[in-house]
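# Remarks on the overall topology
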Amino acid sequence: MPTSLIIGAGMAGLTAARELARIGWTVTVLDKGRGVGGRMATRRIEQARADHGAQYFSAKTPEFQAYVQQFLTNGIVSEWPLPDTDHPRYVGRDGMSAVAKQLALDLDIRTGERAIKIETTDTGCRVLTDTGGRYEAGSLLVTIPVPQAQTLFNDSGFVLSEPEQAALAAVAYKPCLAVIVALNQPSRIPTPGVLRFEEGPIAWVADNQQKGISPNQPSVTIHASQAFSQAHLDDDLNAVGQGLIDRLPEFLPADAVATYQVHRWRYSQADQRHNEPFLRINAPIPLLIGGDGFGMGNVEGAFLSGYQMAHWLAQSA
Ligand SMILES: Cc1cc2nc3c(=O)[nH]c(=O)nc-3n(C[C@H](O)[C@H](O)[C@H](O)COP(=O)(O)OP(=O)(O)OC[C@H]3O[C@@H](n4cnc5c(N)ncnc54)[C@H](O)[C@@H]3O)c2cc1C
């Protein structure tokens, strides 16, 4: 039976794993995080829940629509009726990470395993992890943000061709500082619970209670703008969080804030992407790199990247 190792249990890696497992491949997914989902991330804060990475996703392509239809049927996702959109926006009903958890069901996923080196063997590849883990398979899919993949390739002594290096160097991600705030009373954000700002330090605010993912306690998610995030990426996070909250007094009165946490995303959304849904690295084994930096971008683009990588592997086996 063909085998594959996948580095990264975000949308791209999980989709690839599901598609390969569905046709009988033996697949192992490694992720450095404590759970699955990557940037489809949901956190508990007091009794509240908050999505601090991706806020919603589209499903414009038939491949993803088929998955999303299944998620709707299973009650995993629901539509978020945002104004000014020409196509439906979906959210995980228990947060975005619940979508990833659903995709991960019955797969062999090893969390807490950071890939630190890739070796080639006579029959395929071996991935070494920071816990001393050694995983082997006949093919490898790398679905981590490109700068992290470049570091992994360098540390593994890979010499990429000039076109490969150029393709990877052209992929870029914007940073984002995200604040999640637990409230002791509902926010004053008008229905349907979203604020968007074209200018200034804040780009986006979402009321997670109105969104439907935080029924037990109100909470909001604040995303700083790209310029602000870039300028303050390495600042003291608590001070950054308080400063951003203080800019929203009419929506978040000071006495409504119970507590808050700040997350630093060095790589949030890929704003410069490789045209194709994945890149094949010239190696003795099938070695593909994909994720949201390839193709359409965002959650749906990450899905399509994983989907296409799996189908390419299946056809080439
Ligand atoms: C703040 C923010 C807002 C966003 N808003 C939206 C939105 O509203 N709509 C939308 O569609 N998209 C949004 N996105 C983008 C979306 O979340 C991503 O495009 C998508 O989730 C990327 O999936 P992925 O599988 O390519 O990568 P990831 O989700 O990053 O998955 C990669 C995984 O690899 C793991 N990893 C990294 N290095 C290693 C290693 N060495 N060894 C093992 N594991 C490793 C990571 O832990 C991670 O789980 C947003 C992202 C952020 C951060």
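Source: prediction; values computed, not measured. Just so you know, the residues in each chain are numbered from 1, in the order the chain's sequence is written. Note on the predicted model: pLDDT of at least 70 is required for a residue's local features to be given, and 80 or more for side-chain atom pairs to be given and counted; whole-chain, interface and lining totals, by contrast, use all residues. With hydrogens and water stripped out, all remaining heavy atoms of the structure feed into the side-chain values.

In terms of domain boundaries, the chain breaks down into domain 1 (3-33 + 112-171 + 274-316) and domain 2 (48-96 + 172-272). Where each domain starts and ends comes from a domain assignment, either automatic or drawn from a database. Each of domain 1 and domain 2 has a C-alpha centre, and the two are 28 Å apart. Contacts are residue-level and defined by heavy atoms, with any inter-residue pair within 4.5 Å sufficient. Contacts between domain 1 and domain 2 engage 18 residues on the former and 16 residues on the latter. For any pair of parts, buried area is found by adding up, for both, the accessible area (1.4 Å probe) each one loses once the two are put together. Taking both partners together, domain 1 and domain 2 bury about 1500 Å²; carbon and sulfur atoms supply 63% of that area. Looking at the side of domain 1 facing domain 2, the largest losses of area belong to Val 299, Glu 300 and Phe 303, adding up to 33% of the total buried there. The salt bridge definition used is simple: a Lys or Arg side-chain nitrogen within 4 Å of an Asp or Glu carboxyl oxygen. Taken together, the links from domain 1 to domain 2 amount to 0 salt bridges. Whenever two N or O atoms come within 3.5 Å, that pair is a polar contact, provided that in protein one can donate a hydrogen and the other can accept it, and provided that, for residues adjacent in sequence, both atoms are side-chain atoms. The interface formed by domain 1 and domain 2 includes 6 residue pairs in polar contact (both at pLDDT 80 or more). Each helix corresponds to a stretch of at least 4 residues labelled H or I by DSSP, and each strand to a stretch of at least 2 residues labelled E; elements are numbered beginning at the N terminus. Elements represented by at least two residues in the side of domain 1 that touches domain 2 include exactly α1 (11-22), α4 (146-155) and α9 (298-316).

Turning next to the sheet that holds strand β13 (residues 194-196). The strand order across the open sheet formed by 5 strands is β13-β14-β15-β12-β16, and the pairing between neighbours is antiparallel. For this open sheet the edge positions go to β13 and β16 (257-272), each flanked by a neighbour on one side alone. Strand after strand, the sheet turns through a mean of 15 degrees between neighbouring axes, direction not considered. Sheet analysis places strand β14 (residues 202-207) next to strand β15 (residues 219-224), joined by 5 bridges and oriented antiparallel. Strands were regarded as paired on the criterion that DSSP finds at least two bridges between them. Fitted lines through C-alpha atoms serve as axes, helices being fitted only where they are in contact, and the angles separating the N-to-C directions of these axes extend from 0 to 180 degrees.

Here the focus is the pairing of strand β17 (residues 278-281). Here β17 runs beside strand β18 (residues 287-290); their pairing, made up of 4 bridges, is antiparallel. From the neighbouring strand, Arg 280 faces β18, where its bridge partner is Leu 288. Linkage of β17 to β18, two consecutive antiparallel strands, is achieved through a turn of 5 residues.

Quick look at the sheet that holds strand β10 (residues 134-137) now. Spatial ordering of the open sheet is given by β8-β9-β10, a layout of 3 strands whose pairing is antiparallel. Whereas interior strands pair on both sides, the edge strands pair on one side only; in this sheet they are β8 (115-120) and β10. Direction aside, the axes of adjacent strands within the sheet are offset by 20 degrees on average. Pairing analysis gives 4 bridges linking strand β9 (residues 125-129) to β10, with the strands arranged antiparallel. Within the sheet, the bridge partner assigned to Val 127 lies in β10 and is Tyr 135.

Our next topic: the nonpolar core. Buried residues of nine kinds, namely Ala, Val, Leu, Ile, Met, Phe, Trp, Tyr and Cys, make up a nonpolar core once their side-chain atoms join them within 4.5 Å. Remark: exposure states derive from per-residue accessible area (1.4 Å probe, protein chains only) relative to the maximum for the residue type, with buried under 20%, exposed over 50%, and partly exposed in between. By size, the foremost hydrophobic cluster in this structure holds 41 residues, and its most contacted members are Met 11, Leu 14, Phe 57 and Phe 64. A per-element tally of this core places α9 first, with 8 residues. Each of domain 1 (3-33 + 112-171 + 274-316) and domain 2 (48-96 + 172-272) accounts for three or more of the residues forming this core. Those residues in contact with Met 11, other than ones at most four positions away along the chain, are Met 40, Phe 64, Val 99, Leu 103, Val 299, Ala 302 and Phe 303. By size, the runner-up hydrophobic cluster in this structure holds 29 residues, among which are Ile 118, Leu 140, Leu 279 and Ile 285.

All right, on to α9 then. Given a helix with a known number of residues, its expected span is that number minus one, times 1.5 Å. Here α9 spans 27 Å end to end across 19 residues, near enough to the 27 Å set by a 1.5 Å rise per residue. For α9, every residue scored as buried is listed here: Val 299, Glu 300, Gly 301, Ala 302, Phe 303, Leu 304, Ser 305, Gly 306, Tyr 307, Met 309, Ala 310 and Leu 313. Against β1 (3-7), α1, α2 (62-73), β11 (140-142), β17 and β18 lie the buried residues of α9.

To continue, consider the pattern of salt bridges. Close approach of charged atoms lets side chains of opposite charge pair. One pass over the full model with this rule turns up 9 salt bridges. With its nearest N and O atoms 2.7 Å apart, the salt bridge here joins Arg 126 to Glu 119. Taking the relative accessible area as the measure of exposure, Arg 126 reaches 18% and is therefore buried. As a salt-bridge pair, Arg 266 and Asp 234 come within 2.8 Å of each other at their nearest N and O atoms. Of this pair, Arg 266 sits in strand β16 while Asp 234 sits in the loop between α7 (226-232) and α8 (237-246); the two residues are 32 residues apart in sequence, bridging distant segments of the chain. Overall, the relative accessible area of 57% leaves Asp 234 in the exposed class. The network of salt bridges with shared partners includes Glu 119, Arg 126 and Glu 136.

Attention now moves to the pairing of β1. Within β1, 4 of the 5 residues are buried, which leaves it mostly tucked inside the rest of the structure. Note that β1 and strand β2 (residues 26-31) share 5 bridges and pair parallel. Following the sheet pairing, Ile 6 is matched in β2 by Val 29. If the strands point away from the viewer and the path from the first strand over the helix to the second runs clockwise, then the crossover is right-handed. Between the parallel elements β1 and β2, the chain passes through α1 in a crossover that is right-handed.

Our focus in this paragraph is the packing of aromatic side chains. Each pair of aromatic rings taken from Phe, Tyr and Trp, with Trp reduced to its six-membered ring, is defined by centres within 6.5 Å and is described as stacked if the planes are under 30 degrees apart, edge-to-face if over 60, and tilted in the remaining cases. A complete count under the given rule lists 12 aromatic pairs for this structure. Here the aromatic rings of Tyr 56 and Trp 80 are separated by 6.3 Å at their centres, their planes lie at 65 degrees, and the arrangement is edge-to-face. You can see Tyr 56 sitting in the loop between β4 (48-51) and α2 and its partner Trp 80 sitting in the loop between β5 (77-79) and β6 (90-92), a full 24 residues away along the chain. Residue classification places Tyr 56 among the partly exposed residues on the basis of a relative accessible area of 23%. Consider the rings of Tyr 67 and Phe 303, whose centres lie 4.8 Å apart with planes at 70 degrees: the pair is edge-to-face.

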